[in-house]
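# Structural overview
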Amino acid sequence: MTNVLNIDIDALTGGPADLAQYAGKAVLVVNVASKCGLTPQYTGLEKLQERYADRGFTVLGVPCNQFLGQEPGTAEEIAEFCSATYGVTFPLTEKVEVNGEGRHPLYQRLVDFADAEGHSGDIRWNFEKFLIGRDGTIVARFSPQTEPESDAIVTAIEAQLG
C-alpha cells in the first residue's frame, strides 16, 4: 500500500499542508462540510482530536463542496465556522474535489481502499473517514454515517496508537 503522506495539498489558510509532518502519527482523514446533516460530527471529531492528540494522532479535515453544495464558503468562512461553532482545533486543508475528473490526488489514493462492508471507489457523502497508520498507509475506511466516537473508529485508532 502506498504512503499517502507524500501527497501535496494546501492548508485551508494557504501554503502547503505538509502531510509529511504526520509521519509516525495516526491520521483520520475526513471530507467535511459546514451545511450538511452530518455536520454535527465535527463535535465527535474534535473530541477524538482532544482525546488522542498527545498520543500521536490527528484528525485532518478536508472541505469538499461536491455533495449538494454543502461547503460553499471561502477558506475564511470555513475556518470561522469550524472554530466558532465546533471549537475545531485539528488542521483543515484547502477545499478539494473527492470524486470525478477533478478528484484530488489524495483521494485518488484513498478511494481504492474498501471499508468493512466492502465499499471502495467514489466517496459516498460528506464525512467519509479514512484512518492512516503511522507508516502513512491506509488501514481503515468508515462510512459517512459512522459516528467519529463509534467503537469501530475508536478501536481502530487505539490499535494504531498501540
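Please refer to the structure higher up on the page.
Residues numbered from 1 in each chain as written. Predicted model: local features only at pLDDT ≥ 70, side-chain atom pairs only at ≥ 80, totals over all residues. Heavy atoms only, no water.

Moving on, we come to the packing of aromatic side chains. Tallied over the entire structure, the rule returns eight aromatic pairs. Plain terms: the ring middles of Tyr 42 and Phe 127 are 5.6 Å apart, the flat faces sit at 90° to each other, and that makes the pair edge-to-face. Of the two residues, Tyr 42 sits in helix H1 (residues 41-52) while Phe 127 sits in the loop between helix H3 (105-110) and strand S3 (129-132), which places them 85 residues apart along the sequence. With a centroid separation of 6.0 Å and 75° between ring planes, the pair formed by Tyr 52 and Phe 57 is classed as edge-to-face. Of the two residues examined, Tyr 52 and Phe 57, each falls in the buried class. (Phe/Tyr/Trp six-rings, centres within 6.5 Å; stacked < 30°, edge-to-face > 60°. Helix = DSSP H or I, 4+ residues; strand = E, 2+ residues; numbered from the N terminus. Buried < 20%, exposed > 50% of the residue type's maximum accessible area, 1.4 Å probe, protein only.)

A word on the packing of H1 against helix H2 (residues 75-86). Contact geometry for H1 and H2: axes closest at 10 Å, N-to-C directions at 80°. As summarised for this structure, H1 and H2 are arranged roughly perpendicular, according to the angle between their axes. Across from Tyr 42, Thr 43 and Glu 46 in H1, the residues of H2 making contact are Phe 81, Cys 82 and Tyr 86. Each residue belonging to the contact of H1 with H2 can be placed in one class, and the counts come to four nonpolar, one polar and one charged. (Axes fitted to C-alpha atoms, helices over the stretch in contact; angles between N-to-C directions. Parallel < 35°, antiparallel > 145°, perpendicular 65-115°, else oblique. Contact = heavy atoms within 4.5 Å. Nonpolar A, V, L, I, M, F, W, Y, C, P; charged D, E, K, R; others polar.)

Here we take up the sheet that holds strand S1 (residues 26-32). On the basis of which strands lie adjacent, the open sheet formed by four strands has the order S2-S1-S3-S4 and mixed pairing. At either margin of the open sheet sits one strand with a lone partner, and together these are strand S2 (57-63) and strand S4 (138-142). Each strand of the sheet is rotated relative to its neighbour by a mean of 20°, with strand direction disregarded. Relative to S4, S3 runs antiparallel, the two sharing four bridges. Opposite Ile 132, over in S4, you have Ile 138 as the bridge partner. In the packing of H1 onto the sheet, the strands contacted are S1, S2 and S3, and the crossing angle to S2 comes to about 150°. (Pairing = 2+ DSSP bridges.)

Right, let's talk about the nonpolar core for a bit. Residues Leu 28, Leu 45, Leu 48, Phe 57, Leu 131 and Ile 157 are the most contacted members of the largest nonpolar core, which totals 28 residues. When residues no more than four places from it in sequence are discounted, the contact partners of Leu 28 are Leu 45, Leu 48, Phe 57, Thr 58, Val 59, Leu 60, Lys 129, Phe 130, Leu 131 and Ile 153. Among the nonpolar cores identified, the runner-up in size contains 25 residues, and Leu 5, Ala 17, Cys 64 and Val 98 belong to it. (Core = buried A, V, L, I, M, F, W, Y, C linked by side-chain atoms within 4.5 Å.)

Along helix H4 (residues 151-161), the residues that are buried comprise Ile 153, Val 154, Ala 156, Ile 157 and Leu 161. Burial along H4 is one-sided: seen end-on, the buried residues are contained in an arc of 165°. Residues of H4 that are exposed and angled more than 90 degrees away from the buried face: Asp 151, Thr 155 and Ala 159. Lining the buried residues of H4 we find S1, H1, S2, S3 and S4. Gly 162, located one to two residues past H4, shows a positive phi value of around 75°. (Arc of directions from axis to C-beta.)

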